[in-house]
Amino acid sequence: MAAKIQKNKDLKALRRRAHLDGVPTEHTRHAKCNFAPKCVPKLELGNEGVKDLKALRRQARLRGTPTEHTRHAKCNCRRLSAAALRAAGGWPLVPLGFAPKGVPKLELGNEGAQARLKLLRQQLARWFREHGRDLPWRRTTDPYAILVSEFMLQQTQVATVIDYYARWLVRFPDFTALASAGEAEVLHAWQGLGYYARARNLHRAARHVAEGHGGQLPNDLAAIAALPGVGRYTAGAVASFAFDRATPIIDANIARVVARLLDFREPIDTTRGAEILWQTAEALLPKRGGRLHNSALMELGALVCTPRAPQCLICPIRTHCRAENPESLPRKKPRPKTVALVEDCVWLVRDGKLLLEQQTGPRWRGLWKLPPVPKAMHGGRLLLSFEYPFTNHRVTLSVYSGAAASKSSANQRWVSLSKIDEIALAAPHRRAIKRLGADYGTT
Ligand code: SF4
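Only a predicted model underlies this, so the values are computations on that prediction, with no experimental measurement involved.

This brings us to the overall build of the chain. For the chain, the count of helices and strands is 15 helices and seven strands. A buried classification covers 33% of the 443 residues belonging to the chain. Contacts in the chain between residues at least 24 apart in sequence constitute 68% of all its contacts with a sequence separation of at least 6.

In structure tokens, the structure reads:
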């Protein structure tokens, strides 16, 4: 407390001296809250004033004067102690559109901040050139291949995607080929990756490009963002990876790195939290070379700044990082409670054919699954039971044996067991059918 009072006194003294010497006082104008403090000779500054202000900053730095701190009602910035700032190697992100915790304007000045940002970008790029993984979608700048990889990588791990990506490009090599394929074929090629809405959206996006852009995705962020299933992240990723545009992107890996760099302790899945991350990602971007920069930031999150046990000792940008307890970041809103669901299905085989039912609901629309246990059926033997997650649900899928019967709905079909692999099945049901494979042909 005493130190705080002393710092404020020192700052006031500095301002007084500045007034007496005819040097304009510090002016902080935030892009976001458009705040101007009382003492602001903003209009008097001009070029000369700015030069004087720089001199004042230099003096302040030499004299060890405490850094300027402005607490804004609107942007709610918080103070960072001078000691923590020094330990973190100084704050690199002053030119952001929002106020970081504590505003070390007097210590850094704009040139200092820009130099630090430049250094951070260089360190990041150098590290990526040496340590970045050679992933298939990093060997191409084809917008179609990049878009496919981005759709596949949503909610899915890199190791899983690699094989699917290669097979997909052989089967559907460009927008036109994908646009002319039928939905069943597309879903079949996607089966096993889950979240089938992505396959449907990718299919619709291909038709959009084929019909609206002659099969070539234009280098236009708005046109990319207008594609079905393409959000802010995917549009930015395609623009930067395919067209090398300096467009910010925030995925889980980048969000983690940025939140830790800032020691940002608010939930990142709120509107405000997300916006601060996007603004920071934008401020970190170089003017050119979005592909390299975004790939490096993403790769750092995947390999070094990992959710658990981040390897700060070997991190190329550790001198810029302010995270005190990185493993606790990023923070998110509390998750909704998990809800238990039960899914009872029947295993019905007749003449070497298995009864399947095509789904029409939003969850698995177009896919096939084992039919539900008919109301009239009693006493079926439990063949298999396992749990699988679905959003915030925990589903228990149980499969019972049933007597051979006729179809009970128009969506049902007898499918030859030898042709099961050609059908697009819902992933948990494909798993159940595979596990019951030894019993194919029996009831
Ligand atoms: S120093 Fe640690 S927490 Fe900070 S960015 Fe690097 S790995 Fe992440």
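Next up on the list: the packing of helix 5 (residues 143-153) against helix 6 (residues 158-171). Between helix 5 and helix 6, the shortest axis-to-axis distance is 10 Å and the interhelical angle comes to 140°. Considering the angle they form, helix 5 stands oblique to helix 6. Helix 6 is crossed by helix 5, and the crossing has right-handed handedness. Contacts between helix 5 and helix 6 involve Ala145, Val148, Ser149, Met152 and Leu153 from the first element and Val158, Val161, Tyr164, Tyr165, Trp168 and Leu169 from the second. Of the residues in the contact of helix 5 with helix 6, the class split is 10 nonpolar, one polar and no charged.

Further remarks concern the site of the ligand. Close to the ligand lie 14 residues; Cys305, Cys312, Cys315, Cys321 and Pro326 are nearest. Taken together, the residues of the shell around the ligand break down into 11 nonpolar, one polar and two charged.

Attention shifts here to the packing of helix 12 (residues 252-262) against helix 13 (residues 271-284). Packing of helix 12 against helix 13 brings their axes to within 10 Å, and their N-to-C directions diverge by 85°. Compared by their axis directions, helix 12 and helix 13 come out roughly perpendicular. Every residue of helix 13 that contacts helix 12 at Ile254, Ala255, Val258, Ala259 and Leu262 is listed here: Leu277, Thr280 and Ala281. For the contact of helix 12 with helix 13, the residue count by class is seven nonpolar, one polar and no charged.

On to the pairing of strand 5 (residues 382-390). As paired strands, strand 5 and strand 6 (residues 393-401) are joined by eight bridges and run antiparallel to one another. Counted as the bridge partner of Pro389 is Arg394 from strand 6. Linking strand 5 back to strand 6 in an antiparallel pair, the connection comprises two residues, with Thr391 at a positive phi of about 40°.

We now examine the sheet that holds strand 5. Taken together, three strands build an open sheet; the order of strands is 1-6-5 and the sheet is mixed. Because the sheet does not close on itself, it has two edges, and the strands there are strand 1 (339-347) and strand 5. Recorded for the sheet is a direction-independent mean angle of 20° between the axes of neighbouring strands.

All right, on to the environment of Arg394 then. Summarising the element assignment, Arg394 is placed in strand 6. Judged by C-beta crowding, with 12 C-beta atoms within 10 Å, Arg394 ranks as exposed. Setting aside chain neighbours within four positions, we find Arg394 in contact with Thr338, Ala340, Glu387 and Pro389.

Pairing between strand 2 (residues 349-350) and strand 3 (residues 353-358): two bridges, direction antiparallel. Across the sheet, Val349 pairs through a bridge with Leu354, a residue of strand 3. Connecting strand 2 to the antiparallel partner strand 3 that follows it, the hairpin turn spans two residues, and Asp351 within it adopts a positive phi of roughly 50°. Relative to strand 4 (residues 368-369), strand 3 runs antiparallel, the two being bridged by two bridges. Of the residues in strand 4, the one forming a bridge with Gln358 is Trp368.

Turning our eyes to something else, we now look at the nonpolar core. Counting 81 residues, the largest nonpolar core has Val148, Val238, Ile254 and Val258 as the members making the most contacts within it. Composition of this core by domain shows at least three residues from each of domain 2 (136-328) and domain 3 (339-439). Dropping the residues within four chain positions of it, Val238 is found in contact with Pro143, Ile146, Leu147, Glu150 and Ile224.

A cis amide bond links Leu329 with the next residue in sequence, Pro330, at an omega value of 0°. You can see Pro330 is positioned in the loop between helix 14 (290-303) and strand 1. With phi around 65°, Gln155 is a residue other than glycine that occupies positive phi space. For Gln155, the position within the fold is in the loop between helix 5 and helix 6.

This part covers helix 11 (residues 232-243). For helix 11, with 12 residues, the first-to-last C-alpha span of 16 Å sits near the 16 Å given by 1.5 Å per residue. With nine of 12 residues buried, helix 11 is to be regarded as a mostly interior element. Those residues of helix 11 lying buried are Thr234, Ala235, Gly236, Ala237, Val238, Ala239, Ser240, Phe241 and Ala242. Tucked into the core, helix 11 has its buried residues touching helix 5, helix 10 (221-225) and helix 14. Just beyond helix 11, the residue with positive phi is Asp244, at close to 60°.

Chain-level pLDDT for the chain is 80 on average; 72% of the residues reach the 70-or-more range. Confidence drops under a pLDDT of 50 for residues 18-47, and excluding neighbours within four residues, the segment shows 46 contacts in the predicted structure. Predicted confidence for residues 60-109 stays below pLDDT 50, and this span has 105 contacts to residues more than four positions away or in other chains.

About the thresholds
Residues numbered from 1 in each chain as written. Predicted model: local features only at pLDDT ≥ 70, side-chain atom pairs only at ≥ 80, totals over all residues. Helix = DSSP H or I, 4+ residues; strand = E, 2+ residues; numbered from the N terminus. Buried ≥ 20, exposed ≤ 12 C-beta atoms within 10 Å, placed from the backbone. Contact = placed C-beta atoms within 7 Å. Axes fitted to C-alpha atoms, helices over the stretch in contact; angles between N-to-C directions. Parallel < 35°, antiparallel > 145°, perpendicular 65-115°, else oblique. Left-handed = near helix turned anticlockwise from the far one by under 90°. Nonpolar A, V, L, I, M, F, W, Y, C, P; charged D, E, K, R; others polar. Near = placed C-beta within 6 Å. Pairing = 2+ DSSP bridges. Core = buried A, V, L, I, M, F, W, Y, C linked by C-beta atoms within 7 Å. Domains from an automatic or database assignment. Expected span 1.5 Å × (residues − 1). pLDDT = per-residue confidence, 0-100.

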